[in-house]
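# Secondary and tertiary structure notes
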Amino acid sequence: MKINILRCGARFALAELTDCGSFDFEKKISAEIDGRTLQTVGGICFIDGLLPEKEYTITAAYGDETAELTFKTEYEFVTLDVRAFGAYGDGVHDDTVYIQAAIAACPEKSRVLVPKGKYKITSLFLKSGTNLEIASGAELFADKERFSHPVMPGMIQSYDEKSEYNLGTWEGNPLKMFAGIITAMDAENITVYGGGTVNGNASHEDWWYNEKVMVGAFRPRLMFIERCRNVSVFGLKLMNSPSWTVHPYFSENVTLAALRINNPQNSPNTDGIDVESCKNVTIEGVHFTLGDDCIALKSGKIYMGRKYGVPSENIHIRRCIMENGHGAVTVGSEMSAGIKNVLTEECLFRITDRGLRIKTRRGRGEKAVVENIVFKNILMDGVKTPFVANCFYFCDPDGRTGYVQDRNPLPVDERTPYIGRLCFENIECRNCHYAAAYFIGLPERKIGEIAMKNVSVAYADNAEKGFPAMLCGIEEMSRRGIVAENVEKITLENVNIKGQTGEPVELCSVDEILRK
């Protein structure tokens, strides 16, 4: 067993316990530093409260094994305490301008400190080089007054009448939105960290009321990262987001680690992390419990995908806990520029509607290619349908039209999406309900390949009946095996599906088109 330091700053460190054999969420992991117990998710722990240029020793235990590592924190020039800039931290006064002044004044290799207290804010904007610490016991909470938040226009036409400048976005389209509670735009080398809380302060009386209706602008994100490079967010609790919680958009080299993302189960569209048209994204040691998708991968609905053609690619999701969401990891449905090279490993999915959920449909376009999606070393418990790929997702005003829902082959053209290779390995699914897997491709452009190796599925004793995917013409199911239609190739190696009595559930052959 070993301890690795994944990232170290002047005031924090991100550590990981490794080389423990097969990863097991049910085996207790403990870690300490200077006699202080550290919280871990999937063997990844965030350590705050450190001093610059000082050596620390972290110890950890995993079952009967122990490990120890000494490391040294980095240099820091100065700390700018937001209280020194006038912030009250009393939960009553608006502290936005005082915190913003500290951010604007902060030099390189320094930090902006939000100490213990409750800070009422609207929207904060981060500049390049920002190190923002929201300390343990500190809470940034958003003003409930909708029009106190600035509006980010969706698309601004340039004076040459050829170019354009996009600021706001809503569900894959360039539409005006209220600025994120914490926003970074066209910036780089940003770190936001700490043991504190960012509270979007949303409820069904305000942001979550009539959530699809635009009032002034569309709802803000809790954190919005647009056209940025080298952004890291560590350790924080993020809660009660007005809409999507963390939204990296057209950004590169983003790391989100050791976060706790908590939104009520009945809160609408409060996805945990939505990665849209981004490259090189790492999500690790994050605990999700919320009301929609835990992680959603996107690349624009139609206009943005076709105009700019920027896919989301090279996404690594590891050692996370996903609870109570619609999908643990969702691809789409706004993915007109494609989703490529996604690895999800060593995660726990618990009581989500679906494990992997791919959503696409005719009209997303020929660039809407889903390719090389790999899941391995996953435990699912209480997931209603562990694996879903649906090429007839009935979203949008035209989602139930004949063009989208027709099961007959249609001409392949610039509107036709494609799902390539999906790989699932070393996955255990307990207490499932509707179906083990539901894969339905387009008849004119079938799913390329599905490979399943060392996959076991067992149904709950009281398995419910329901719809495994959102498309027209499907019947409710319970305890079904692998349902597949319009798939070029399926490879099954050591796939075991058991029902309530422990007897194997019949696995139909692909030649029978697996749908009865």
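Residues numbered from 1 in each chain as written. Predicted model: local features only at pLDDT ≥ 70, side-chain atom pairs only at ≥ 80, totals over all residues. Heavy atoms only, no water.

## Observations concerning the pairing of strand E23 (residues 223-226)
Alternating residues of E23 divide into Met223 and Ile225 and Phe224 and Glu226, and every residue in both groups is buried. Bridge count for strand E20 (residues 182-185) against E23 is 4 bridges, and the pairing is parallel. Considered in E23, the bridge of Thr183 is made with Phe224. Pairing of E23 with strand E26 (residues 246-249), which is carried by 4 bridges, proceeds in the parallel orientation. Its bridge partner being in E26, Glu226 is matched across the sheet by Tyr249. (Buried < 20%, exposed > 50% of the residue type's maximum accessible area, 1.4 Å probe, protein only. Helix = DSSP H or I, 4+ residues; strand = E, 2+ residues; numbered from the N terminus. Pairing = 2+ DSSP bridges.)

## Considerations on the pattern of salt bridges
Taken as a whole and judged by the stated rule, the model has 26 salt bridges. In this structure, Asp398 engages Arg361 in a salt bridge whose closest nitrogen and oxygen atoms are separated by 2.8 Å. Taken together, the positions of Asp398 in the loop between strand E39 (385-390) and helix H3 (402-405) and Arg361 in the loop between strand E37 (354-359) and strand E38 (369-381) put the pair 37 residues apart, joining distant regions of the chain. As a salt-bridge pair, Arg421 and Glu449 come within 3.7 Å of each other at their nearest N and O atoms. Placement of Arg421 in strand E41 (residues 421-432) and of Glu449 in strand E43 (residues 449-459) is noted, with a sequence separation of 28 residues between them. Because the salt bridges share partners, they merge into one network encompassing Glu16, Glu284, Arg318, Arg319 and Glu346. (Salt bridge = Lys/Arg side-chain N within 4 Å of Asp/Glu carboxyl O.)

## Describing the sheet that holds strand E1 (residues 2-8)
Strand order in the open sheet formed by 4 strands is E1-E2-E6-E5, with antiparallel pairing between adjacent strands. Each of the sheet's edge strands pairs with one partner strand only, and the pair in question is E1 and strand E5 (40-41). With 4 bridges joining them, strand E2 (residues 13-18) and strand E6 (residues 44-47) adopt antiparallel strand pairing. The partner of Ala15 across the bridge, within E6, is Cys45.

## A few points about a nonpolar patch on the surface
A cluster of nonpolar residues, Phe147, Val213 and Val215, forms a patch on the protein surface that exposes about 280 Å² of accessible area. Mapped onto the elements of the fold, Val215 is located in the loop between strand E22 (197-199) and E23. Classification of Val215 as partly exposed rests on a relative accessible area of 37%. (Patch = residues over 30% accessible without salt bridge, like charges linked within 9 Å, V, L, I, M, F, W, Y side chains within 5 Å. Areas by Shrake-Rupley, 256 points an atom, 1.4 Å probe, with all protein chains shown as cover.)

## Let's talk about the sheet that holds strand E32 (residues 295-298)
The strand order E13-E20-E23-E26-E29-E32-E35-E37-E39-E42-E44 describes an open sheet built from 11 strands, whose pairing is parallel. Of all strands in the sheet, those bounded by a partner on one side alone are strand E13 (124-126) and strand E44 (480-485). Neighbouring strand axes in the sheet, compared pairwise and without regard to direction, differ in orientation by 10 degrees on average. Two strands pair when backbone bridges link them, and strand E29 (residues 273-276) and E32 are joined in this way by 4 bridges, in the parallel orientation. Looking across to E32, one finds that Glu276 is bridged to Lys298. (Axes fitted to C-alpha atoms, helices over the stretch in contact; angles between N-to-C directions.)

## Observations regarding the confidence of the model for the chain
The predicted coordinates should not be examined in detail at positions where pLDDT is low. On average, the chain scores 93 in pLDDT, and the residues at 70 or more come to 95%. Contacts from residues 506-516, a stretch scored under 50 in pLDDT, to residues over four places away or in other chains number 21 contacts. (pLDDT = per-residue confidence, 0-100. Contact = heavy atoms within 4.5 Å.)

## Re the packing of aromatic side chains
For the structure on display, the rule yields 15 aromatic pairs. When the centroid spacing of 5.5 Å and the interplanar angle of 70 degrees are considered together, the rings of Phe178 and Trp207 count as edge-to-face. Of this pair, Phe178 sits in strand E19 (residues 177-178) while Trp207 is found in the loop between E22 and E23, placing the two residues 29 residues apart along the sequence. Considering the side-chain rings of Phe224 and Tyr249, the 5.7 Å spacing of their centres and the 35 degrees angle between planes classify their relative orientation as tilted. With a gap of 25 residues between them, Phe224 in strand E23 and Tyr249 in strand E26 connect regions that are remote in the sequence. For the pair shown, Phe224 and Tyr249 are each scored as buried. Grouping aromatic residues by their ring pairs yields a cluster made of Phe349, Phe375, Phe387, Phe424 and Phe439. (Phe/Tyr/Trp six-rings, centres within 6.5 Å; stacked < 30°, edge-to-face > 60°.)

## Considerations on unusual backbone geometry
The linkage connecting Gly332 with the following residue, Ser333, adopts the cis geometry, with an omega of 0 degrees. Residue placement: Ser333 occurs in the loop between strand E35 (327-332) and strand E36 (339-350).

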